[in-house]
Structures are given as C-alpha cells and as structure tokens.
Amino acid sequence: MYTEPSEESARRLFQRRIEGPVTMLNLLRFRDTADYAAFPHLAPPEPISGSEAYDRYVRHTLPFLAASGGCVEFFGTGGHNFVGPADERWDLVMLIRQASLSEFFAFASNDDYLAGLGHRTAALEDSRLLPIVERPLP
C-alpha cells in the first residue's frame, strides 16, 4: 500500500529538476469502508465508503487547488488494467496540473488544505502519484 511519498521518492523528484508546468497522474484505489480511526474529528456520524470519503476530500481541496493556480485536467472512473497485472484495479484516475513543482508544494503544505487531508487517508486503500512533464511529439 502506498498513500504517502517517501523521503527517497521526494529526493528523486527534486533530482529531476522539473522546470515549468507539471501534471500529477493520480491512480487511486478506495477502501470499501472509509477508515477515520486516525481522524475521528472528520468522521461522519455513519460509516461511508472510501469513494464517498474521497469525494469529501475533493470538495475540500478544490478551492485550495484553484487558489494555488492548479487545476483538474481529468477526473474519471478507472477499472482493471487492459495491460498489466490482471488483479490490479484503480477506481479513480486524475490528472492535476500545477504551474510548477514549487506551486505544487506550496499547495500541498497549506495548513487549511491539510486540515481536510484525513478524508483522503480514510478513503484510500492504495495509490500512485506520478509527476509527468509534457514534451513535444517526435
């Protein structure tokens, strides 16, 4: 299970020396039932699905993303791989664009944004976050 970056992955990202816009490819797999054990102050009165918890995270996050100059380029339903491990599935796929890595990290460290991060943690069973940079076609 991967839901947070490691020190090693952060180091590798900075070593890429990305300049200019960056798009974050998000692959997300939800828990059947959201786990708010670490964030009881955010927990709804009745249990909800991981998908519903993630929707709460998105609603909380969008204003902070927009204020940072970021935007959602794509938000869509995933499924099982067409190419790849047959038992692997991703419930949601997103592309989030930021003007730069510094803008991304400013957004990701905003205290008001972080106040709702528990919805994401409660929602996710597993995830991948791949920073990608556009390049011209050959």
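Just above sits the structure.
The structure presented is a predicted model; accordingly, all values stated were derived computationally and were not measured.

Engineer: An account of the environment of Cys71 is requested, with residue identities and associated values reported.
Structural biologist: Structurally, Cys71 can be placed in strand β2 (residues 71-80). The partly exposed category is assigned to Cys71, whose relative accessible area is 32%. C-alpha of Cys71 to C-alpha of Leu95: the two residues are 24 residues apart in sequence and 8.6 Å apart in space. Excluding residues within four positions of it along the chain, Cys71 makes contact with Leu65, Leu95, Ile96 and Arg97.

Engineer: Hey, could you go over the layout of surface pockets for me, with residue numbers and the actual values?
Structural biologist: By volume, the largest pocket amounts to about 1100 Å³. In terms of lining, the largest pocket is formed by 35 residues, of which the most central are Glu4, Pro5, Phe104, Arg120 and Leu129. At the level of secondary structure, the elements contributing two or more residues to the lining of the largest pocket comprise α1 (7-15), β1 (22-30), α2 (50-67), β3 (89-98), α3 (101-108), α4 (111-114), α5 (117-123) and β4 (124-132). The greatest single-element share of the lining of the largest pocket, amounting to six residues, is contributed by α2. Across the lining of the largest pocket, the residue classes break down as 24 nonpolar, six polar and five charged.

Engineer: Describe in detail α2, supporting the description with residues and values.
Structural biologist: Between its first and last C-alpha atoms α2 spans 26 Å; for 18 residues at 1.5 Å apiece the expected length is 26 Å, and the two agree. Bending of α2 peaks at approximately 35 degrees at the position of Thr61, with proline Pro63 no more than four residues after it. Buried residues of α2: Gly50, Ala53, Tyr54, Tyr57, Val58, Thr61 and Leu65, and no others. In the segment just after α2, Gly69 is the residue with positive phi, at about 90 degrees.

Each value, and the rule that gives it
Residues numbered from 1 in each chain as written. Predicted model: local features only at pLDDT ≥ 70, side-chain atom pairs only at ≥ 80, totals over all residues. Heavy atoms only, no water. Helix = DSSP H or I, 4+ residues; strand = E, 2+ residues; numbered from the N terminus. Buried < 20%, exposed > 50% of the residue type's maximum accessible area, 1.4 Å probe, protein only. Contact = heavy atoms within 4.5 Å. 1 Å grid on protein atoms, 1.4 Å probe; cavity = no way out; pocket = protein on both sides within 12 Å on 5 of 7 lines; lining within 4 Å. Points joined across faces, edges and corners; volume = space filled by probe spheres on them. Nonpolar A, V, L, I, M, F, W, Y, C, P; charged D, E, K, R; others polar. Expected span 1.5 Å × (residues − 1). Bend = angle between axes of the 7 residues up to and from the residue.

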